[in-house]
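# Descriptive structure summary
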Amino acid sequence: MARVEPSIQASGNSMGTINATDATINWSGNGNGNGGVFVLLKQGSSAPYEPSQAVSYAANANFGSGDFTLAGSYVVYKGSGSSVTVTGLSIGTEYTYSIYAYNSTTDCYKLVSPIGASFTTLNVPMVVLSSTTTQLVTANVTQNSPNNQIIGLQVVASGGTNPALDFTSITFNTSGSTSPGSDIVSAKIYYTGNSSTFTTTTQFGSTVVGPNGSHVVNDLITLLPGTNYFWVAYDIAPAATIGNFVDAYTSFTAGSPLTPSVTNPAGSREIGLIVYCIPAPGGSACDIFSNADVVTVSLSINGTGSTFNFTGDTCLGGAPNNYQINSYTGNLVIGIPITSRM
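Residues numbered from 1 in each chain as written. Predicted model: local features only at pLDDT ≥ 70, side-chain atom pairs only at ≥ 80, totals over all residues. Heavy atoms only, no water.

## With respect to the side chain of K110
Position of K110 relative to the elements: it lies in the loop between strand 8 (108-109) and strand 9 (115-120). Once you skip the residues sitting within four places of it in the chain, K110 turns out to touch E5, P6, S7, I8, Q9, Y100 and A101. (Helix = DSSP H or I, 4+ residues; strand = E, 2+ residues; numbered from the N terminus. Contact = heavy atoms within 4.5 Å.)

## A word on the sheet that holds strand 21 (residues 269-272)
Sheet strands line up and pair through hydrogen bonds in the backbone, either parallel or antiparallel. Strand order in the open sheet made by the three strands is 11-21-18, with mixed pairing throughout. Strands with a single pairing partner mark the edges of an open sheet, and in this sheet they are strand 11 (141-142) and strand 18 (245-246). Both strand 18 and strand 21 contribute to a ladder of two bridges, which runs antiparallel. When the sheet's bridge partners are listed, V246 is paired in strand 21 with R269. (Pairing = 2+ DSSP bridges.)

## Concerning the pattern of salt bridges
Think of it this way: side chains of opposite charge can pair up when their charged atoms draw near. In this structure the tally under the stated criterion is one salt bridge. D235 is the salt-bridge partner of K188, the closest N and O atoms lying 3.3 Å from each other. Taken together, the positions of K188 in strand 14 (residues 184-191) and D235 in strand 17 (residues 226-236) put the pair 47 residues apart, joining distant regions of the chain. Taking relative accessible area as the criterion, K188 reaches 14% and is therefore assigned buried. A relative accessible area of 12% means that D235 is categorised as buried. (Salt bridge = Lys/Arg side-chain N within 4 Å of Asp/Glu carboxyl O. Buried < 20%, exposed > 50% of the residue type's maximum accessible area, 1.4 Å probe, protein only.)

## Describing the pairing of strand 14
Looking down a regular strand, the side chains alternate between one sheet face and the other. Burial analysis of strand 14 places seven of its eight residues in the buried class, which makes it a mostly covered element. By the bridge criterion, seven bridges tie strand 14 to strand 17 in an arrangement that is antiparallel. Paired with A187 across the two strands is Y234, which belongs to strand 17. Looking at chain direction, strand 14 and strand 15 (residues 203-209) are connected through four bridges and run antiparallel. Within strand 15, the position partnered with I189 by the bridge is F204.

## Overview of the sheet that holds strand 2 (residues 23-26)
Spatial ordering of the open sheet is given by 1-2-6, a layout of three strands whose pairing is antiparallel. On the outer flanks of this sheet lie strand 1 (14-18) and strand 6 (83-86), each paired with one strand and no other. Within this sheet the neighbouring strands show an average axis-to-axis angle of 20 degrees, counted without direction. Sheet analysis places strand 2 next to strand 6, joined by four bridges and oriented antiparallel. Its bridge partner lying in strand 6, A23 is registered against V86. (Axes fitted to C-alpha atoms, helices over the stretch in contact; angles between N-to-C directions.)

## A closer look at unusual backbone geometry
Across residues other than glycine, the phi torsion is negative in most instances, and most of the peptide bonds are trans. The peptide bond linking N162 to P163 adopts the cis configuration, its omega dihedral lying at 0 degrees. Relative to the elements of secondary structure, P163 occurs in the loop between strand 12 (148-157) and strand 13 (166-173). Located in the positive-phi region is A54, a residue other than glycine, with phi close to 70 degrees. In this structure A54 comes out as partly exposed when scored by relative accessible area, which is 37%.

## Considering the pairing of strand 13
Pairing of strand 13 with strand 16 (residues 214-222) involves seven bridges; the strand directions are antiparallel. Note that in strand 16 the partner of S169 across the bridge is N218. Across six bridges, the pairing between strand 13 and strand 19 (residues 249-254) is antiparallel. Paired with T171 across the bridge in strand 19 is S251.

## Observations concerning the nonpolar core
Counting residues in hydrophobic clusters, the biggest one holds 31 residues, and the most contacted among them are F167, F172, F204, L223, F230, Y234 and V246. Taken together, the elements giving at least two residues each to this core come down to strand 12, strand 13, strand 14, strand 15, strand 16, strand 17 and strand 19. With five residues, strand 12 is the single largest residue contributor to this core. Those residues in contact with F167 that lie beyond four places of it in its chain are L153, V155, F204, D219, L220, I221, L223, F230, F252, T253 and A254. Counting residues in each nonpolar core, the second largest holds 18 residues, with A23, V37, I99 and F119 among its members. (Core = buried A, V, L, I, M, F, W, Y, C linked by side-chain atoms within 4.5 Å.)

## Points about the packing of aromatic side chains
Within a pair of aromatic rings, the relevant descriptors are the distance that separates the centres and the angle that separates the planes. Counted by the stated rule, this structure contains 19 aromatic pairs. Aromatic pair F38 and Y57: ring centres 5.6 Å apart, planes at 55 degrees, arrangement tilted. Taken together, the residues span a long stretch of sequence, with F38 in strand 3 (residues 37-43) and Y57 in the loop between strand 3 and strand 4 (68-70) at a distance of 19 residues. Judged by its relative accessible area of 7%, Y57 falls in the buried class. Through successive ring pairs, a cluster of aromatic residues spans F38, Y57, Y100, Y102 and Y109. (Phe/Tyr/Trp six-rings, centres within 6.5 Å; stacked < 30°, edge-to-face > 60°.)

## Focus on the confidence of the model for the chain
Mean pLDDT for the chain: 84, with 79% of residues reaching 70 or above. pLDDT under 50 marks residues 276-342. Its contacts with residues more than four places away, or in other chains, come to 113 contacts. (pLDDT = per-residue confidence, 0-100.)

This is how it looks when you write it as structure tokens:
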């Protein structure tokens, strides 16, 4: 069968309603192809990449779900209608469309002078869509250690930036901590933008010295579209009580006071020491107990004198985890287990 392009191009294009995430494209003439029109849409100000002759494409009005002629140029409509409402668009973003007459029986498109134009979706105010708190790390903290991640606050903001939304305060409470007044030297809030990785690069507000109970930390950060990550971190006192726990929960203000769906996630962090192995003669030290709490080990005399070696456990890693074993007070009897608090 001969493949013939339509001789008359589509015509009369115009824009209908343009919203934040959808827009309606109109046209008045379909040309003289037996398939009606073929509509392509692309993000940006440049025209979509034209279709290839003799290729059939699937259309879908949800942007990005239909076939594409080249990456980014999506088929949003084909048929004999006179309009299409495209969904799945990004807020405050420019798009460009092209409309071709085409013959559906031979998949031939009139490529010369398609009609088209650009439009920009509405930019709406940013709002908080959801928020929650998490406790991703429950391993022991140690005495005299800074910036221990306690809980994370996740704030999900919409894509609108007209206007953007300012995050102005966070309230945290040391509830769940055994003795915050003596175990916690200070508390800090950190912000990592859209990154879910805890870092101490950007501090929100001022350091709270000697936190005990509820505290409000004020600052101003403009939220990013998507998930924003905040973190409550504690500096642990040099003489913090071994076996005590540290914990927290939060609320915040972004435009108005808001409460996360989860304010007090399960878990806490215990204050402990770190126990490490003493190497056998000719061996090397390595960490055999990673973030444990109470460890029971057996001691055996290693050679002569008062040098001892852990037995019955496997070392998990080498340098830089080369540390000193905790002191143990009491009578040591060969083959009798002892318990060491970490």
